[in-house]
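Geometric and topological summary
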Amino acid sequence: MLVVATQVDVVVLALATDDETVAPRVQPTKFVVPSDGITMTKIVGTQHGRIFMAGFDGNLYELKYERADDSWGTYLGLQQPHKCRKVKHSPWGLVHVMPPFIRSVVALDPGRLEDVVVDNWRSLLYTFSTTSVIECYFLGSDGLSTRRVGSPFDLIRKAREFLARGTRAAPGTPDSSVFQGNHGMHITGLFIVPPNES
């Protein structure tokens, strides 16, 4: 399966091979959903076939797709045989519905999602934003639900608070002022360490 996102649509494509050719060919599917003008900056899948997307608007989305059961509604054309929708998993907040220019004026920038990482071993999904805020979602013991765990963790703010306390700071530890304002520091990546390597 291949997922392609544009500012117009998010499309699921199938990769198929036959006995005569080794190279896969791309087959269109009927799983298409409008992106509503939101650029998806990252798309990841889980071992259970779920598809998550990081939106440039700072929200986490899931592309839910399924084939409807054969029913009279499908046969009579009252129900679509292929269901596909985009679900927002980020908590609702006023800051996410404000236009970017207003957010910048009132200094409420949640940042856009920089990355989405799936931990299939622990059934967790992590996101981090350009403002170095990490969020964690539990995908359920069966991998089929989604629930945010705890509250967003602002790494830069927590580092600043820790250094301001001055407790247990090793010699050469930077001053908390390093983490004030536009410090230029941000998270560049999250990487899952499997349980057998930790």
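Scroll up to find the structure.
A brief look at the structure comes next.

Cut-offs used in this document
- All residue numbers refer to positions counted from 1 along the written sequence of the respective chain.
- Given that this is a predicted model, residues contribute local features only at a pLDDT of at least 70 and side-chain atom pairs are listed and counted only at 80 or more, while totals for whole chains, interfaces and linings are drawn from all residues.
- No hydrogens and no water enter the side-chain calculation; it runs on all heavy atoms of the structure.
- Exposure above 30% relative accessible area and the absence of a salt bridge qualify a residue for a patch, where like charges join within 9 Å and nonpolar side chains (Val, Leu, Ile, Met, Phe, Trp, Tyr) within 5 Å.
- Method for areas: the Shrake-Rupley scheme with a 1.4 Å probe, in which residue coverage is limited to the protein chains shown.
- What makes a salt bridge here is a side-chain nitrogen of Lys or Arg within 4 Å of a carboxyl oxygen of Asp or Glu, nothing more.
- Buried means the residue's accessible area, taken with a 1.4 Å probe over protein chains only, is under 20% of the maximum for its type, while exposed means over 50%, and partly exposed covers the values in between.
- Here a Phe, Tyr or Trp ring, Trp counted by its six-membered ring, pairs with any other such ring whose centre lies within 6.5 Å, and the pair is stacked when the planes are under 30 degrees apart, edge-to-face when over 60, and tilted otherwise.
- Going along the chain from the N terminus, every DSSP run of H or I of four or more residues is numbered as a helix, and every run of E of two or more is numbered as a strand.
- Both a distance and an angle decide whether a charge sits over a ring: NZ of Lys or CZ of Arg must be within 6 Å of the ring centre and within 35 degrees of the ring normal.
- Two strands are said to pair when DSSP picks up at least two bridges between them.
- Convention adopted: a line fitted to C-alpha atoms gives each axis, helices being fitted over their contacting stretch, and angles between N-to-C directions are expressed from 0 to 180 degrees.
- The contact definition used throughout considers only heavy atoms, calling two residues in contact when any of these lie within 4.5 Å.
- What qualifies as a polar contact is a pair of N or O atoms within 3.5 Å, subject to a donor-acceptor requirement within protein and to the restriction that residues adjacent in sequence count only when both atoms come from side chains.
- Here, the term nonpolar core denotes a set of buried Ala, Val, Leu, Ile, Met, Phe, Trp, Tyr and Cys residues that are joined through side-chain atoms within 4.5 Å.

Nonpolar side chains collect at one region of the surface, where Leu2, Val4, Leu15 and Val26 lie side by side and expose about 300 Å² of accessible area between them. Judged by relative accessible area, Val26 falls into the partly exposed class, the value being 46%.

On to the packing of aromatic side chains, then. Enumeration over the complete set of coordinates arrives at 1 aromatic pair. On the numbers, 5.6 Å between centres and 65 degrees between planes, the contact of Phe31 with Tyr65 is edge-to-face. Placement of the pair is Phe31 in strand β3 (residues 25-34) and Tyr65 in strand β6 (residues 60-67), with a sequence separation of 34 residues. Of the residues examined, Tyr65 reaches a relative accessible area of 26% and is grouped as partly exposed. Above the face of the Tyr61 ring, Lys86 is positioned so that its terminal group lies 5.2 Å from the ring centre.

The next subject is the sheet that holds strand β4 (residues 40-45). Read across the sheet, 4 strands follow the order β4-β5-β6-β7 without closing on themselves; strand pairing throughout is antiparallel. With one partner strand each, in any of the chains shown, β4 and β7 (82-88) form the two edges of the open sheet. Neighbour to neighbour, the strand axes of the sheet diverge by 20 degrees on average, direction disregarded. Sheet analysis places strand β5 (residues 51-55) next to β6, joined by 4 bridges and oriented antiparallel. Note on β6: the bridge partner recorded for Phe52 is Glu62.

Side chains bearing opposite charge may pair, as long as their charged atoms lie close to each other. Taken as a whole and assessed by the stated rule, the structure comprises 7 salt bridges. One salt bridge connects Lys86 with Asp36, and the closest N-O pair in it is separated by 2.9 Å. With Lys86 in strand β7 and Asp36 in the loop between β3 and β4, the pair connects residues that are 50 residues apart, well separated along the chain. You can call Asp36 exposed: its relative accessible area is 59%.

Our focus in this paragraph is the sheet that holds β3. Within a sheet, each strand pairs with its neighbour through backbone hydrogen bonds, oriented either parallel or antiparallel. Spatially, 3 strands are ordered β1-β2-β3 in an open sheet, and the strand pairing comes out antiparallel. The sheet terminates laterally at β1 (2-5) and β3, the two strands that pair on one side only. Sheet twist, expressed as the mean angle between neighbouring strand axes with direction ignored, is 25 degrees. Sheet topology places β1 next to strand β2 (residues 9-16); 4 bridges connect them, and they run antiparallel. When the sheet's bridge partners are listed, Val3 is paired in β2 with Val12.

We now examine the environment of Tyr61. Relative to the helices and strands, Tyr61 is located in strand β6. Under the relative-accessibility criterion, Tyr61 is labelled buried at 6%. On a C-alpha basis, the gap between Tyr61 and Ile43 in space is 9.4 Å, while along the polypeptide they are 18 residues apart. Dropping the residues within four chain positions of it, Tyr61 is found in contact with Ile38, Met40, Ile51, Phe52, Met53, Gly55, Lys86, Val87, Lys88 and His89. Only 2.6 Å separates the side chain of Tyr61 from the side chain of Asp57, close enough to count as a polar contact.

Quick look at the nonpolar core now. Among the nonpolar cores identified, the biggest contains 12 residues, and these are Val3, Val10, Val12, Phe31, Val33, Ile38, Met40, Ile51, Met53, Tyr61, Leu63 and Cys84. Only β2, β3, β5 and β6 provide two or more residues apiece to this core. Excluding residues that lie within four positions of it along the chain, Val33 makes contacts with Val8, Asp9, Val10, Leu63, Cys84, Arg85 and Lys86. Counting residues in each nonpolar core, the second largest holds 10 residues, with Phe52, Ala54, Leu125 and Tyr137 among its members.

These values are about where atoms sit, not about what they do.
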